[in-house]
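Notes for the structure review
Given next are the chains, with one letter for each unit.
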Amino acid sequence: MCGIVGYIGLKESYPILIKGLYRLEYRGYDSAGIALLDGSLKLFKTHGKVADLEKLVQGENLSGSIGIAHTRWATHGEPNDVNAHPHYSPSQKLAIIHNGIIENYGSLKAELKNRGYSFHSDTDTEVLIHLIEDIQQNENVNLEEAVRIALNQVVGAYAIVIISQENPDQLIVAKKGSPLVIGVGDEEYFVASDASPIIEYTKDVVYLEDEEMAIVPRKGALRIKTMKNQQKTPYVHHLEMQLSSIEKGGFAHFMLKEIYEQPRSIKDSMRGRLNAAKGIISLGGIIDYQQKLINCKRIIIVACGTSWHAGLVGEYLFEDLARIPVEVEYASEFRYRNPVIDEHDVVIAISQSGETADTLAAIELAKSRGATIIGICNVVGSSIARATDAGSYTHAGPEIGVASTEAFTAQVTILSLMALMIAGKKGSISKSLFHELLAEMESIPAKVQKTLQMNDTILAISKIFQNARNFLYLGRGYNFPVALEGALKLKEISYIHAEGYPAAEMKHGPIALIDEEMPVVVIATKKGNYDKVVSNIQEVKARKGVIIAIVTEGDDVVHDIADHVIEIPETDEAFVPLVATIPLQLLSYHMAVLRGCNVDQPRNLAKSVTVE
Ligand code: G6P
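Keep in mind that what you see is a predicted model, and the values were worked out from it rather than measured.

Applying the stated criterion to the full structure yields seven aromatic pairs. Judged by centre distance (5.5 Å) and plane angle (40°), the ring pair of Tyr316 and Tyr478 falls under tilted. Of the two residues, Tyr316 sits in helix 9 (residues 305-322) while Tyr478 sits in the loop between strand 23 (470-475) and helix 17 (479-494), which places them 162 residues apart along the sequence. A relative accessible area of 27% means that Tyr316 is categorised as partly exposed. The exposure class assigned to Tyr478 is buried, which follows from its relative accessible area of 3%. Members of the aromatic cluster, connected to one another through ring pairs, are Tyr7, Phe190 and Tyr201.

Right, let's get into the pairing of strand 10 (residues 189-192). Across the two faces of strand 10 the burial is the same, with Tyr189 and Val191 and Phe190 and Ala192 all buried. Pairing analysis gives four bridges linking strand 1 (residues 3-8) to strand 10, with the strands arranged antiparallel. Within the sheet, the bridge partner assigned to Val5 lies in strand 10 and is Ala192. Bridge analysis of strand 9 (residues 181-184) against strand 10 gives four bridges, and the strand direction is antiparallel. Of the residues in strand 10, the one forming a bridge with Val181 is Ala192. Between strand 9 and strand 10, which follow one another and run antiparallel, lie four residues, and Glu187 among them has a positive phi close to 55°.

The next point concerns the sheet that holds strand 14 (residues 231-232). What the seven strands build is an open sheet, ordered 5-6-7-8-12-13-14; its pairing is antiparallel. With one partner strand each, in any of the chains shown, strand 5 (87-88) and strand 14 form the two edges of the open sheet.

Taken together, 14 residues sit near the ligand, with Ser307, Ser351, Gln352, Ser353 and Thr356 positioned nearest. Between an oxygen atom of the ligand and a side-chain N or O atom of Thr356, the distance comes to 2.4 Å. Protein coverage of the free-state accessible area of the ligand, which is 390 Å², stands at 90%. Counting residues per element, the shell around the ligand draws most heavily on helix 9, which supplies three residues.

Below, the discussion takes up the pattern of salt bridges. A side chain of one charge can pair with a side chain of the opposite charge when the charged atoms of the two come close. For the coordinates displayed, the defined rule picks out 32 salt bridges. Between Glu406 and Arg264 there is a salt bridge, and its shortest N-O distance comes to 3.6 Å. Taken as a pair, Glu406 in helix 13 (residues 406-426) and Arg264 in helix 7 (residues 262-270) lie far apart in primary sequence, 142 residues in all. Assessed through its relative accessible area of 0%, Glu406 is described here as buried. One salt bridge in this structure joins Lys450 and Glu553, with 2.7 Å as the shortest N-O distance. Of this pair, Lys450 sits in helix 15 (residues 444-452) while Glu553 sits in the loop between strand 26 (546-552) and helix 19 (557-561), and the two are 103 residues apart along the sequence. Connected through salt bridges with shared partners, the residues Lys257, Glu261, Arg264, Asp268, Arg271 and Glu406 form a single ionic network.

Moving on: the nonpolar core. Within the largest apolar cluster, 92 residues are counted, with the highest numbers of intra-cluster contacts made by Ile299, Phe318, Ile348, Met418, Leu420, Phe471 and Tyr473. Setting aside its immediate chain neighbours within four residues, Ile299 contacts Leu293, Phe318, Ile324, Pro325, Val326, Glu327, Val346 and Ile348. Formed by 31 residues, the second largest nonpolar core is a distinct cluster that contains Leu17, Val50, Val57 and Ile246.

Attention shifts here to helix 13. Between the first and last C-alpha of helix 13 there are 30 Å, a value that for 21 residues agrees with the 30 Å anticipated at 1.5 Å per step. Among the 21 residues in helix 13, 18 count as buried, and that is most of the element. Just downstream of helix 13, Gly427 is the residue with a positive phi angle, here 75°.

Let us look at the environment of Gly381. Relative to the helices and strands, Gly381 is located in the loop between strand 21 (372-377) and helix 12 (383-387). Classification of Gly381 as buried rests on a relative accessible area of 16%. For the pair Gly381 and Val402, spaced 21 residues apart in sequence, the C-alpha to C-alpha distance is 20 Å. Contacts of Gly381, omitting those with residues within four sequence positions, involve Arg386 and Tyr393.

Looking now at the packing of helix 4 (residues 124-138) against helix 5 (residues 143-152). At their nearest, the axes of helix 4 and helix 5 sit 8 Å apart, and the two run at 125° to each other. In terms of axis orientation, helix 4 runs oblique to helix 5. Handedness of the helix 4/helix 5 crossing: right-handed. Contact residues: helix 4 offers Leu128, Leu131, Ile132, Ile135 and Gln136, while helix 5 offers Leu143, Ala146, Val147, Ile149, Ala150 and Leu151.

Thresholds, definitions, all that
- Residues numbered from 1 in each chain as written.
- Predicted model: local features only at pLDDT ≥ 70, side-chain atom pairs only at ≥ 80, totals over all residues.
- Heavy atoms only, no water.
- Phe/Tyr/Trp six-rings, centres within 6.5 Å; stacked < 30°, edge-to-face > 60°.
- Helix = DSSP H or I, 4+ residues; strand = E, 2+ residues; numbered from the N terminus.
- Buried < 20%, exposed > 50% of the residue type's maximum accessible area, 1.4 Å probe, protein only.
- Pairing = 2+ DSSP bridges.
- Near = heavy atom within 4 Å.
- Polar contact = N/O pair within 3.5 Å; in protein donor to acceptor, adjacent residues only side chain to side chain.
- Areas by Shrake-Rupley, 256 points an atom, 1.4 Å probe, with all protein chains shown as cover.
- Salt bridge = Lys/Arg side-chain N within 4 Å of Asp/Glu carboxyl O.
- Core = buried A, V, L, I, M, F, W, Y, C linked by side-chain atoms within 4.5 Å.
- Contact = heavy atoms within 4.5 Å.
- Expected span 1.5 Å × (residues − 1).
- Axes fitted to C-alpha atoms, helices over the stretch in contact; angles between N-to-C directions.
- Parallel < 35°, antiparallel > 145°, perpendicular 65-115°, else oblique.
- Left-handed = near helix turned anticlockwise from the far one by under 90°.

See below:
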């Protein structure tokens, strides 16, 4: 939610900041703004996208070698010019950008109003910068100390950057619950919500911890301290990320690039972890916890959105192969219940961004009850990755498209490896099956590659259904989560209403919706409950529904009944989600493009949801 970027050094900051905003736009794109310091503070902001901000500043003096910029996903106040960031302090000598939510902003605002302050916007952020200036003036402290005192009064989450006319050689940054990374260049520093605006200039970064603030100087060393005023030594990480991984590389959209990257991202997620010839699975990140997994009473998977769907696949994998009971929980529900959970449970938290606020809070709750927490995250060093006891990273690479694709299949890859590893150690499946499954898993990237060749067929089907108003997605067993994920992808980017359903449950309600206007996507791959799904297809056809079926290569039964078929290579039932999801991603992609939707930045959504 919201992207923040800052620069301090000897170069002109505007080009760096605007490029950074484009890189962070996936985090939110309701409004955008920038503040530059060149003797005095200049501030420009507008509702709309970064491109609108660029139009707004045309012809303006944009000089300044220190600056901050923001792209917003609205929480407090509608996305208009006034609520856009940065926000000025009352004297207009300070400006702030903020990602997160100040929960007690109401009481702080009332107090400040009593003291005569007035506010222009509806935001919590403006309250914070007023508070900081108030403390600076009334307690006669410097800016750094005023920020620290103010943040000690704040409840909620924040990543902030403050620029000050009277302190032209520093940026003040602070973080709690929202991500913030500082790039360390040669006589220059960068600040951003993630490393993507930074890696073009430097790969040396410092991750700020929660309740830490940094004084980022124009020259000299970075200073970090805690909110309790303890000095910390900055730890510089060297990133391996390549610039090409965050660019479109010739594809029309990031989403399409990411769909096509899946043979690579699945392979990278297995690399060094799976050796079928030797019959080995080794997940170094959880090696110390594998006995705990083998002995645990049950596994609870917590996640949101697409990651929750990956968790559902995990439920089938762990129960089927490792014979461990699994519950899959929406993190946002779990955290507000009073769940029965103790030290005999293992919680697996799944998150692409590693920053989802609800998932993070669910982890904290489970931790407080003594459970062991294992993470599956894509973003290295993210808050969730750091909050867990152990974990395995998905190696999907940066995922920029708001609709998650390659992160999902990478998550399912890791869950498959975990379940197989435990099954092998526990002996819950036979040795021969274990070896068979390992060999099959190694063949998945090639099968995904082959599935991508169905693109033209999928485009042709999309053209037929581009004006449909509703879709139903059906699947059973391992393919039920695939149906949910297919429906979610369509909703997210093409704004067509879609529901995913267990195929057999259809007759308990959704069947009433079926008529000749209703496309029904059925994942009807061989094995599993194939015959039962074929019966479900017949039930839809008997009511004049239109069937788009995902079938196994060579299937001739469904071919004869369905209106359209998309063939995928045969694989073991446990790995079908890794292959069957691909055509559904492509279907939603083409539908969205044909309908003229903004695929990479769908309305109202954000890639990383750092608010509750
Ligand atoms: C947002 C994104 C989804 C994502 C969900 C969970 O809603 O738009 O694509 O699945 O958050 O995100 P996470 O980073 O925790 O996987």
